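# Structure at a glance
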Amino acid sequence: QVQLVESGGGLVQAGGSLTLSCAEASGRIFRINDMGWYRQAPGKQRELVATMTRGGNRNYADLVKGRFTMSRDNAKNLAYLQMNSLKPEDTAVYYCKGRILRVVGGDEYEYWGQGTQVTVSS
């Protein structure tokens, strides 16, 4: 069963850094196409943080531009989110999303991870 698993969250002081990772845990897929990081703070809707195509095109939310960097290792089905200059308002559960082909020639489906908590103290 396809499973995206995030890791790397935690508690950090304002101005600090964290790197989140997202891995496809089953190993039974053909390919991951677009991937993205999203976040949801208490009482708020889930919002886009960053997306990245398989070919390397990136898109960032205005709130994180210049502070966050998304990267991927396509061969290992991994995605990363390097977060610098963290602010208390970055506190949220961060989710990984991937559009995944399970088999060659198959349909692409969207999968979400379970989320990892990031808390930034002031």
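One can find the structure itself at the top, above this paragraph.
Residues numbered from 1 in each chain as written. Predicted model: local features only at pLDDT ≥ 70, side-chain atom pairs only at ≥ 80, totals over all residues. Heavy atoms only, no water.

### Things to note about the overall build of the chain
In terms of regular secondary structure, the chain is built from zero helices and 11 strands. When the elements of the chain are put in sequence order from the N terminus, they spell out β-β-β-β-β-β-β-β-β-β-β. Computed over its C-alpha atoms, the radius of gyration of the chain comes to 14 Å, within 12% of the 14 Å expected for a compact globule of 122 residues. Dimensions of the chain along its principal axes, counting C-alpha atoms only, are 50 × 25 × 25 Å. Counting all 122 residues of the chain, 40% fall into the buried class. Of the contacts formed within the chain by residues at least 6 apart in sequence, a portion of 55% connects residues at least 24 apart. (Helix = DSSP H or I, 4+ residues; strand = E, 2+ residues; numbered from the N terminus. Rg over C-alpha atoms; globule rule 2.2 N^0.38 Å. Buried < 20%, exposed > 50% of the residue type's maximum accessible area, 1.4 Å probe, protein only. Contact = heavy atoms within 4.5 Å.)

### Re the state of the cysteines
By the definition in use, this model includes one disulfide. Residue pairing for C22: its cysteine sulfur links by disulfide to C96, the two sulfurs lying 2.0 Å apart. Here the S-S torsion is close to -75°, and the disulfide linking C22 with C96 is therefore left-handed. A residue pair is termed long-range when its members are at least 10 positions apart, and C22 in strand 3 (residues 18-24) and C96 in strand 9 (residues 92-101) qualify at 74 residues. (Disulfide = S-S within 2.5 Å.)

### Here's the deal with the side chain of D90
Positionally, D90 belongs in the loop between strand 8 (78-83) and strand 9. Within the local environment of D90, its side chain forms a polar contact with the backbone nitrogen of K87, the two atoms lying 2.8 Å apart. Setting aside residues up to four positions removed in sequence, D90 forms contacts with R39, R67, F68, S85, V118 and V120. (Polar contact = N/O pair within 3.5 Å; in protein donor to acceptor, adjacent residues only side chain to side chain.)

### Some words on the nonpolar core
Generally speaking, nonpolar side chains in soluble globular proteins are found buried as a group. By size, the foremost hydrophobic cluster in this structure holds 30 residues, and its most contacted members are W37, V49, F68, M70, L81, M83 and Y94. Where this core is concerned, the elements lending two or more residues are strand 3, strand 4 (31-40), strand 5 (47-52), strand 7 (68-73), strand 8, strand 9 and strand 11 (116-121). Of all the elements, strand 9 adds the most residues to this core, at four residues. (Core = buried A, V, L, I, M, F, W, Y, C linked by side-chain atoms within 4.5 Å.)

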